[in-house]
Each structure stands twice: as C-alpha cells, then as structure tokens.
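# Structure assessment
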Amino acid sequence: MTSLEPAYRVVWPQAPLGVRAWQAVPRVVDLNRCRVGFIWDYMFRGEELFPVLERELKQRFPGIEIVGYDSFGHIHGPNERMIVQQLPDNLRRHRIDAVVVGNGC
C-alpha cells in the first residue's frame, strides 16, 4: 500500500565556510601607556572627528600616545590594496596597541 502523503527531498542551503575563523586578541583594558593608531578612509569628516577624539582620549587617559591617520595612508583610494596589505607591518613598526578606524560613506 502506498502513502497518500507526498515525499520531499531535503537539501541543506548553507554553504561551507569560505574563510578561516580567527581567535580574537584580548581587549586592551586600560589605554594609559598605550599607543593608539588612527586609521581613516578619508571619506567623511575625519579631519574634524579625529582631533576631537584625540583630545577626549588624552583627557581620559593621560598616558595615551596617538599615532595619526596620516602615518598609515589612505585606506580607500587608488593604493588601498597595497596600503591595507602593508597595514599589519605598519602597525608593528609604529608599535600600535589598539586602533580606531574611521570609515565614512
């Protein structure tokens, strides 16, 4: 005897992972005595925002050292691939402990 219920094949729609998972670096607990790098894509008002952010961070964390966005290059533009590729080495060279990245639209 056959069933009157229809039969369906089930396919899992999720694709396999395409990127390797990374273990996150522990958060910086205190920014005093840290070197913080500013990175910017030169898109939206960073020239206004970063000086304010720097002033506020220095007020809250007197021992903080800021390395400006001009030290890292333009992360959105004709050389962005090269600049982003060199970013890890640049961060090590500047001995950066944490970064603030500004991306505009």
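So, on to the overall build of the chain. Secondary structure assignment for the chain yields two helices and three strands. Listing every helix and strand of the chain by position from the N terminus yields β-α-β-α-β. Computed over C-alpha atoms, the radius of gyration of the chain comes to 23 Å, more than 25% over the 13 Å expected from 2.2 N^0.38 for 105 residues, which places it beyond the range of a compact globule. A principal-axis box enclosing the C-alpha atoms of the chain has dimensions of 80 × 35 × 25 Å. Burial status across the chain gives 26% buried among its 105 residues. Taking as baseline every contact in the chain between residues at least 6 positions apart, the subset at least 24 positions apart corresponds to 73%. Accessible surface for the chain amounts to roughly 9000 Å². Of this, 57% is attributable to carbon and sulfur atoms. Here the chain contributes 13 positively and 12 negatively charged side chains, and the mean placements of these two sets differ by 5 Å.

It is worth spelling out the packing of aromatic side chains at this point. Scanning all chains against the criterion turns up six aromatic pairs. With centroids separated by 4.6 Å and ring planes inclined at 20 degrees, the aromatic side chains of Trp 40 and Tyr 42 adopt a geometry described as stacked. Exposure remark for Trp 40: the relative accessible area of 6% places this residue in the buried category. Between Phe 50 and Tyr 69, the ring centres sit 5.4 Å apart and the planes meet at 45 degrees, which makes this aromatic pair tilted. In this pair, Phe 50 is assigned in helix α1 (residues 46-60) and Tyr 69 in the loop between β2 (65-67) and α2 (80-93), connecting sequence segments 19 residues apart. Exposure class is identical for Phe 50 and Tyr 69. Each is buried. Aromatic rings pair up to connect Phe 38, Trp 40, Tyr 42, Phe 50 and Tyr 69 into one cluster.

This part takes up the confidence of the model for the chain. Chain-level statistics for the chain give a pLDDT mean of 89 and a share of 96% at 70 or above. Taken element by element, the predicted model of the chain shows its lowest mean pLDDT in strand β3 (residues 98-102) (93) and its highest in β2 (97).

The subject of this paragraph is the sheet that holds β2. On the basis of which strands lie adjacent, the open sheet formed by three strands has the order β2-β1-β3 and parallel pairing. Both outer strands of the open sheet, β2 and β3, are each paired with one neighbouring strand and no more. Pairwise comparison of adjacent strand axes, ignoring direction, gives a mean angle of 25 degrees for this sheet. As defined by bridge partners, strand β1 (residues 35-40) adjoins β3 across five bridges and the pair is classed as parallel. Bridge pairing in β3 links Phe 38 to Val 100. Packed on one face of the sheet, α1 meets β1, β2 and β3 and runs near 165 degrees to β1.

Before going further, it helps to spend a moment on the side chain of Asn 90. Relative to the assigned elements, Asn 90 resides in helix α2. Residues within four places of Asn 90 in sequence aside, it is in contact with Ser 71 and Phe 72.

Reading the values: the criteria
- Residues numbered from 1 in each chain as written.
- Predicted model: local features only at pLDDT ≥ 70, side-chain atom pairs only at ≥ 80, totals over all residues.
- Heavy atoms only, no water.
- Helix = DSSP H or I, 4+ residues; strand = E, 2+ residues; numbered from the N terminus.
- Rg over C-alpha atoms; globule rule 2.2 N^0.38 Å.
- Buried < 20%, exposed > 50% of the residue type's maximum accessible area, 1.4 Å probe, protein only.
- Contact = heavy atoms within 4.5 Å.
- Areas by Shrake-Rupley, 256 points an atom, 1.4 Å probe, with all protein chains shown as cover.
- Lys, Arg positive; Asp, Glu negative; His and termini not counted.
- Charge placed at Lys NZ, Arg CZ, Asp CG, Glu CD.
- Phe/Tyr/Trp six-rings, centres within 6.5 Å; stacked < 30°, edge-to-face > 60°.
- pLDDT = per-residue confidence, 0-100.
- Pairing = 2+ DSSP bridges.
- Axes fitted to C-alpha atoms, helices over the stretch in contact; angles between N-to-C directions.

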